[in-house]
Amino acid sequence: MNLHVPEHSWATEADRSDALVAEISRLLADPGRSSHATRTLARVDRLFFELDRRIRTGLPLPTRWLASRVRPSAPPGARGIAYDYANHCYDSLSETLREGGGVVVAWRALAEASRHWTRLNNALVERSPLPEPWLRE
């Protein structure tokens, strides 16, 4: 009996993660017109949500991120400055992307989200530990 198992391409999954990171970076670097800030903020939030979901379910990390998925053996309070930094960037970004309000609030949130995203992305490119929500046992 010959069973056909669908081929799952990890390269394709990693490409999707890379595309999400690139689109988030692009939108936050150049959010467009301030009058569209609420839509842009909502779009970045959806993209980050999708990236977050993918990482939490074990799909490949973006290829530029050199972070490890393995949960450190030390308790959370003893994992070091890099771990705390990654958690802070992740938490701050998540909170900022969910800002409610009008155009002015969204425009400020986009600028703040850009700072948090840049810090998180740069840290993960430089081999920072993943933030807590993305770690696996």
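Before reading on, note that the structure itself is shown above.
Residues numbered from 1 in each chain as written. Predicted model: local features only at pLDDT ≥ 70, side-chain atom pairs only at ≥ 80, totals over all residues. Heavy atoms only, no water.

Draft legend 1. Here's a closer look at the overall build of the protein. Within the protein, the regular secondary structure consists of 4 helices and 0 strands. Order of helices (α) and strands (β) in the protein, N terminus to C terminus: α-α-α-α. Expressed as a percentage of its 137 residues, the buried residues of the protein come to 41%. The contacts in the protein between residues at least 6 apart in sequence include a share of 79% that link residues at least 24 apart. For the protein, the exposed surface amounts to about 8,100 Å²; the carbon and sulfur share of it is 54%. (Helix = DSSP H or I, 4+ residues; strand = E, 2+ residues; numbered from the N terminus. Buried < 20%, exposed > 50% of the residue type's maximum accessible area, 1.4 Å probe, protein only. Contact = heavy atoms within 4.5 Å. Areas by Shrake-Rupley, 256 points an atom, 1.4 Å probe, with all protein chains shown as cover.)

Draft legend 2. A look at the nonpolar core. In terms of nonpolar packing, the biggest core is built from 31 residues, with I24, F48, L51, W65, W117 and W134 touching the most fellow members. Elements that contribute at least two residues to this core include exactly α1 (10–29), α2 (37–56), α3 (81–97) and α4 (103–125). At 8 residues, the largest contribution of residues to this core is made by α4. Look past the residues within four positions of L51 in its chain and what remains in contact with it is S17, L20, V21, I24, P62, W65 and W117. (Core = buried A, V, L, I, M, F, W, Y, C linked by side-chain atoms within 4.5 Å.)

Draft legend 3. Quick peek at the packing of aromatic side chains. Applying the stated rule across the entire model yields 6 aromatic pairs. Ring centres of F48 and W134 lie 6.2 Å apart, and the angle between their planes is 45°; this geometry places the pair in the tilted category. With F48 in helix α2 and W134 in the segment after α4, this residue pair connects regions lying 86 residues apart in the sequence. Taken as a pair, F48 and W134 share a single burial class, namely buried. (Phe/Tyr/Trp six-rings, centres within 6.5 Å; stacked < 30°, edge-to-face > 60°.)

Draft legend 4. Structural detail: a negative patch on the surface. Judged by side-chain charge, D91, E95, E99 and E112 come together as a negatively charged surface patch. Following the sequence through the fold, E95 ends up in helix α3. For E95, a relative accessible area of 59% puts it in the exposed group. (Patch = residues over 30% accessible without salt bridge, like charges linked within 9 Å, V, L, I, M, F, W, Y side chains within 5 Å. Salt bridge = Lys/Arg side-chain N within 4 Å of Asp/Glu carboxyl O. Lys, Arg positive; Asp, Glu negative; His and termini not counted. Charge placed at Lys NZ, Arg CZ, Asp CG, Glu CD.)

Draft legend 5. Expanded view of α3. Helix length check: α3 (17 residues) gives 24 Å between terminal C-alpha atoms against 24 Å at 1.5 Å per residue, within 8%. Among all positions of α3, only Y83, A86, N87, C89, Y90, S92, L93, S94, T96 and L97 are buried. Residues of α3 that are buried make contact with α2 and α4. (Expected span 1.5 Å × (residues − 1).)

Draft legend 6. View of α4. With 23 residues, α4 should reach 33 Å at 1.5 Å per residue; the first-to-last C-alpha distance of 32 Å fits that figure. Every buried residue of α4 is listed here: A106, A109, L110, A113, S114, H116, W117, L120, N121, A123, L124 and V125.

Draft legend 7. Region of interest: the environment of L41. Among the structural elements, L41 can be located in helix α2. For the pair L41 and P31, spaced 10 residues apart in sequence, the C-alpha to C-alpha distance is 8.4 Å. L41 has contacts with T96, L97, E99, A106, A109 and L110, leaving out every residue within four places of it along the chain.

It is worth stressing that arrangement in space is one thing and function is another; only the former is reported here.
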